[in-house]
Amino acid sequence: MSEKGLTNISLKKINKSKVYQYIYRKKMTSKLQIVQELQMGLSTVSQNLNLLEQEGLIEKNGFFESTGGRKANAIQIVSDFKISIGIGILKGMFHITAVDLYGNAFYTDTIPLPYSNTPDYYKQVTDTVKEFISSHQYDNDKVLGISIATQGITSPDHTTVLYGDIMNNAGMKLDDFSRYLPYPCYLEHDSKSAAFLELWKHPELDSAVIILLNRNLGGGIITDHQIHQGISMHSGTLEHMCINPDGPLCYCGSRGCLETYCSANALEQAAGMPVKEFFPLLREKKSPQIIQVWKDFLNHLAFAMKNLNLIIDAPIILSGYLAPYFTAEDIEYLTEHLHTAAPFILDKIQILVGTNGQYTPAIGAALHYVEKFVQSI
């Protein structure tokens, strides 16, 4: 093929991509809006819309209100044209979720299954994935991939867990899962997956600190609109930031790590009851003991947030299992205590709260393949 022919093909692909990306961003648009915003010719836009519709990537869904002439078709992407599946591996259970091309989780489930480094364990997890796919009668090519978020720091190539003291899963390999699945597979640290979800939901943020308030604490750092991994892949492991050298013993071997004060496990231990029982009692405001447990939790969290904000001057996102339990009153309390003896002020609007709870890492993991697909069009 001539150089001119290759150039024409490349240009057509670029135009197709521009049109799709525009529709994706706008969520609902019209042909005329695309022409005006992208400054493309009407015939070029029409050709690309026809092509995208033939491929099943976009669809017409109703009409816009008339401005005098014929009503314009409302055009949108087909959000379930492809799906991605995320798995969140924990010590005593795993979460499974499926998301569409906007990252909306339309399926979530929790399966009790203690982790063990055995073929039987990996087969049970992957069988659950395959059962979900077959029960919904999805063709294999509809599934973009399976992403696994696990407690444990992964290797730079995302094939192996290098550090996994919580689950004792150091050495866990991506191949342990992928050998049973006929789909692309990806392995990620659960904290980094959670950070990816929060970045996805807040695309306006260039930088942020994510505090993952799961059963075990975690964290992530966003800089330059990217998840910061670090030289040894442990950027953002704020759970091991020492806030009291004489504090409780952490699973890492040190004392007084933030993990021992601000994880869901630590809260349950201090309260002497499960999280689901603790918060209804707390909101009744009848038990001084329960109120004090929560105040202690928030005081330690505010102390850590104040120090983190000195290092990274950026919004802080409270994410994960405990995040949906936070109220506006809790954020006010945090803000007030953040500013105690602090040289700089973190405005209340810079404290954001995640909404996906315990499924945050699994949903964030699933977005890995969604992003790759959308960018590939």
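Scroll up to find the structure this text is about.
Predicted, not measured: the structure shown is a model, and the values here were computed from it. (Residues numbered from 1 in each chain as written. Predicted model: local features only at pLDDT ≥ 70, side-chain atom pairs only at ≥ 80, totals over all residues. Heavy atoms only, no water.)

J.: Whenever I open this one, the sheet that holds strand β3 (residues 83–89) confuses me. Can you help?
T.: Neighbouring strands of a sheet are bound in pairs by backbone hydrogen bonds; such pairs are parallel or else antiparallel. Ordered in space as β5-β4-β3-β6-β9, the 5 strands form an open sheet in which the pairing is mixed. Single-partner strands in this sheet number two, and they are β5 (105–112) and β9 (185–189). Looking at each pair of strands side by side, their axes are set apart by 20° on average, direction ignored. Taken together, the 6 bridges between β3 and strand β4 (residues 93–99) define a ladder with antiparallel strand orientation. Residue pairing for β4: S84 is matched across the bridge by V99. Of the strands in this sheet, β3, β4, β5 and β6 (143–150) touch helix α4 (residues 119–135), which is tilted by about 150° from β3. Against the sheet, helix α6 (residues 190–201) engages β6 and β9, with an angle of about 100° to β9. (Pairing = 2+ DSSP bridges. Helix = DSSP H or I, 4+ residues; strand = E, 2+ residues; numbered from the N terminus. Axes fitted to C-alpha atoms, helices over the stretch in contact; angles between N-to-C directions. Contact = heavy atoms within 4.5 Å.)

J.: Just checking my understanding: could you explain unusual backbone geometry for this structure?
T.: Most peptide bonds adopt trans geometry, and most residues besides glycine take a negative phi value. With a phi close to 70°, K27 is a non-glycine residue in the positive phi region. A positive phi is found at M233, a non-glycine position, where the angle reads about 70°. With respect to the helices, strands and loops of the structure, M233 is situated in the loop between β12 (226–227) and α7 (259–262).

J.: Before we go on, may I ask you to explain the environment of T223 in this structure?
T.: Within the element layout of this structure, T223 appears in strand β11 (residues 217–223). For T223, a relative accessible area of 29% translates into the label partly exposed. On a C-alpha basis, the gap between T223 and V209 in space is 8.9 Å, while along the polypeptide they are 14 residues apart. Ignoring anything within four residues of it in the chain, the contact list for T223 reads D206, S207 and H228. (Buried < 20%, exposed > 50% of the residue type's maximum accessible area, 1.4 Å probe, protein only.)

J.: Mind showing me how you'd approach helix α8 (residues 264–271) here?
T.: Owing to its 3.6 residues per turn, the α-helix brings residues three or four apart onto one side. Within α8, the full set of buried residues consists of A264, A266, L267, E268 and A271. In the segment just after α8, G272 is the residue with positive phi, at about 75°.

J.: What exactly am I supposed to notice about the packing of α6 against helix α12 (residues 360–376) here?
T.: Two quantities define a packed helix pair, namely the angle between the axes and the distance from one axis to the other. Where α6 meets α12, the axes come as close as 7 Å, and the angle between the chain directions of the two elements is 70°. Classed by the angle they form, the pair α6 and α12 counts as roughly perpendicular. Like other packed secondary-structure pairs, α6 and α12 cross with a definite hand, here left-handed. Residue-level inspection shows D190, S193, A194, F196, L197, E198 and W200 of α6 in contact with α12, the latter providing T360, P361, I363, G364, A365, L367, H368, V370 and E371. Broken down by class, the residue content of the contact of α6 with α12 amounts to 9 nonpolar, 4 polar and 3 charged. (Parallel < 35°, antiparallel > 145°, perpendicular 65-115°, else oblique. Left-handed = near helix turned anticlockwise from the far one by under 90°. Nonpolar A, V, L, I, M, F, W, Y, C, P; charged D, E, K, R; others polar.)

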